[in-house]
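# Understanding the architecture of this molecule
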Amino acid sequence: MTHFSSAVSCAPVLGDALDEAVALARAAFGDEPPALAIVFASDGYPALETLGARVAAHLPGVPFVGGTSGGCVFDATRFGYTGVCVALLGGDDLRVETRAVAITSADLLEVATAARELRLLADAHAEEGRGELTCLAFAPSRGIVGDALVAALKKGAAAHAQLVGGLLAEEGSMSGGRVWSDAGVSETRVVLAGLYTERPLGVAVRHGWTPIGDTHRVTRADGARLLELDGRPALDVWLEEATRHGGDLPLAGRGAGSLALHLAARYELAILGTESHAGGEPIVRGSRVIHEDRTVELFGSVPEGADVRLVTATEGSLFAAARHAAEHALGKVAEASGALALTCAGRALVLGDRYHLEPELLAKTLGVPLGGTTVTGEIALARRAADGFYNSTAVLLVFPR
């Protein structure tokens, strides 16, 4: 049996928020010791570098992973733009191994090595009847390419693991972020938690962005830097297409940063041919930085030669997608004990001050304890899935009872 509890505190002082969130989560968890704590905290708290020691003092001997929320934290009943979320996992169906990996290479081979260690440990856990491996992964978004992180995790864990996690950010930003674990707080590590269970966990991902307009060819790209569409500067084609579909353009007087956020909130790019990766939806990429040469840096890579279309979203389409992800993840377990939700900060750009309604919808659909935060790039690799790094999505990880 797997146990899950979660709690959020929005106290203005980090120590008070952590005290309250741990106490509430611990009270809901029961008498047995948890096997893992997952902790998210708003980046705006002062003295955040002390969080690792604080968690260890609250939960002695309990491994933990997590990191900063650049947007919000939530549980089934509470939501805060400033706060701490603590989720606890345990039970006789679960064993946990954690790793904190210092980043030393662009291709993240060190992460592949750590993921391989987790995979090899799965053999021993399988002998005890826990043959399912799900790997949680959290990383700061500055200097980490999400696609490279997923590729490294897949290389190390091979076909034996499901993947769930995200890139974390600073408050009010789409980059930066810190992670923490038993090894402390860091801006230059990736933290991993291998979850070994008797039964598979439920993983689902969905975004709700709908393709519009014409199909365009990526004629030049360099990883996440989109240089040309149809042989022309990428931004020119992007803005023309957005204008044809009612975009609030031209954006005279707005800076490049404002324009990037404007496009990320209203018109993103869908990579055609990737529909099988997310239950019929193409993978989407949002604009992160617009450069003076009219190229666009995205939140994830797009392959040269790919066909793309603009996509747009509404409150209704995002909520429908979140409900679909929750129902799909629930359908993968016979009975649920709780769920972890990682939702893209970019969804808040669409929903505005109604963003709190999405976690409420998730909690109502799931009907079990829920904990989560916003991230700036989502990791979700279920069994038989082809890809693993997404933007603008809601990711659900459901734990069986």
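As a starting point, this report considers the structure included with it. (Residues numbered from 1 in each chain as written. Predicted model: local features only at pLDDT ≥ 70, side-chain atom pairs only at ≥ 80, totals over all residues. Heavy atoms only, no water.)

Core analysis: the largest hydrophobic core is formed by 57 residues, its most contacted members being L36, I38, L136, F138, L195, L226 and W238. At six residues, the largest contribution of residues to this core is made by helix 5 (residues 234-244). Setting aside its immediate chain neighbours within four residues, L36 contacts V62, P63, F64, V65, A87, L88, L89, V96, T98, L136, A193 and L195. F74, A329, L362 and L370 belong to the second-largest nonpolar core, a separate cluster that totals 28 residues. (Core = buried A, V, L, I, M, F, W, Y, C linked by side-chain atoms within 4.5 Å. Buried < 20%, exposed > 50% of the residue type's maximum accessible area, 1.4 Å probe, protein only. Helix = DSSP H or I, 4+ residues; strand = E, 2+ residues; numbered from the N terminus. Contact = heavy atoms within 4.5 Å.)

This brings us to the environment of S392. Looking at the secondary structure, you find S392 in the loop between strand 25 (389-390) and strand 26 (394-400). S392 gets classed as buried once you look at its relative accessible area, which sits at 2%. When the C-alpha atoms of S392 and F299 are compared, they prove to be 9.5 Å apart, with 93 residues separating the residues in sequence. Once residues within four sequence positions are removed from consideration, S392 is found in contact with H207, W209, E268, V284, C344, R347 and E378.

This part is about the packing of aromatic side chains. To describe a pair of aromatic rings, one takes the distance between the centres and the angle between the planes. Across all of its chains, the model carries four aromatic pairs by this definition. Taking 5.0 Å as the distance between ring centres and 90° as the angle between the ring planes, the aromatic pair formed by F79 and Y81 counts as edge-to-face. Grouping aromatic residues by their ring pairs yields a cluster made of F79, Y81 and Y355. (Phe/Tyr/Trp six-rings, centres within 6.5 Å; stacked < 30°, edge-to-face > 60°.)

As for its placement among the helices and strands, E378 is situated in strand 24 (residues 377-381). Of the side chains bearing the opposite charge, R347 lies closest to the buried E378, which forms no salt bridge; the N-O distance is 7.1 Å. There is a polar contact of 3.1 Å between the side chain of E378 and the backbone nitrogen of S392. Within the local environment of E378, its side chain forms a polar contact with the side chain of T393, the two groups lying 2.7 Å apart. Each residue touching E378, except ones within four places of it in the same chain, is listed here: G165, G166, L342, C344, G388, F389, Y390, N391, S392, T393 and V395. (Lys, Arg positive; Asp, Glu negative; His and termini not counted. Salt bridge = Lys/Arg side-chain N within 4 Å of Asp/Glu carboxyl O. Polar contact = N/O pair within 3.5 Å; in protein donor to acceptor, adjacent residues only side chain to side chain.)

Geometric values such as these leave the question of function open.
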